[in-house]
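# Architecture and fold: a report
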Amino acid sequence: MLPQYRKILYATDLSATARQALRHVAAFEERFDAAVTVLHVLPDPLELFSEQAGMDLEQAFGEDGAHWINQGEYARAGKAMRQRLEALAAEDFSSERSARHFAEAEVKIVCGDPAEQILQEAQKGGYELVVMGTHGHGRLLGMVLGSVAQQTIRSSRIPVLVVPLPDE
């Protein structure tokens, strides 16, 4: 029996490769009438702000203050993500059904290591497929730095579709 992909996790940073991957997600969504969840992983905003300020903001503002800084970042990222998804869907999809589906998709914004967060969400969410883009930095750079796609593929218990940026 052929696999049925009813629940798909689309991990995205909204880069050019992620946009390519979105087209593949749309094909699966239409073919299997799948539910799609969009996942975007942010670096810890408090950590970034602390680095830029040259001080530990969690210590300066306390735990409650740190919480509100993070919440503001999540809210802004969620709103921007939803707007970007709507724009991409309207531009890229001839099927009004797909465009509408992506405009209404569940969007999750989390903080942390991208590969870890993708794997955690894939496992706890009961997804049958993960779709993501790859920047294709090449073999040597991938070996030295490791890539989110490579880490996800190596550790995933479900299929991972990695979509490379096409040659121009």
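Shown above is the structure to which this text applies.
Throughout what follows, the structure given in this document is the object of discussion. (Residues numbered from 1 in each chain as written. Predicted model: local features only at pLDDT ≥ 70, side-chain atom pairs only at ≥ 80, totals over all residues. Heavy atoms only, no water.)

### Structural notes on the pattern of salt bridges
As a reminder of what qualifies: Throughout this description, the term salt bridge denotes a Lys or Arg side-chain nitrogen within 4 Å of a carboxyl oxygen of Asp or Glu. By the criteria applied, helices consist of DSSP H or I runs no shorter than four residues and strands consist of E runs no shorter than two, each listed in order from the N terminus. Throughout this description, buried means an accessible area under 20% of the type-specific maximum (1.4 Å probe, protein chains only), exposed means over 50%, and partly exposed covers the range between.
Under the definition given, this model contains two salt bridges. The partner of E121 in a salt bridge is K108, and the shortest N-O contact between them spans 2.8 Å. Residue E121 is located in helix α5 (residues 114-124), and its partner K108 is located in strand β3 (residues 106-111); the two are separated by 13 residues in the primary sequence. Overall, the relative accessible area of 4% leaves E121 in the buried class. By sharing partners, the salt bridges in this structure join K108, E121 and K124 into a single network.

### Considerations on the packing of aromatic side chains
For clarity, the threshold we go by: Any Phe, Tyr or Trp ring, taking Trp's six-membered ring, that has another such ring centre within 6.5 Å forms a pair; planes under 30 degrees apart are called stacked, those over 60 apart edge-to-face, and the others tilted. Sitting over a ring, as applied to charges here, requires NZ of Lys or CZ of Arg to be within 6 Å of the ring centre and within 35 degrees of the ring normal.
Scanning all chains against the criterion turns up three aromatic pairs. Plain terms: the ring middles of Y5 and F28 are 5.5 Å apart, the flat faces sit at 90° to each other, and that makes the pair edge-to-face. Note that Y5 is positioned in the segment before β1 (7-11) and F28 in helix α1 (residues 16-32), a separation of 23 residues in sequence. For F28, a relative accessible area of 22% gives the class partly exposed. Relative to F32, the ring of F28 has its centre 6.1 Å away and its plane inclined at 15°; by these criteria the two rings are stacked. Placement of the pair is F28 and F32 together in helix α1, with a separation of four residues, close to one helical turn. Ring-pair connections join several aromatic residues into one group, and the members of that group are Y5, F28 and F32. Sitting over the face of the ring of F32, R31 holds its NZ or CZ atom 5.1 Å from the ring centroid.

The values reported here are purely geometric and, on their own, carry no functional implication.
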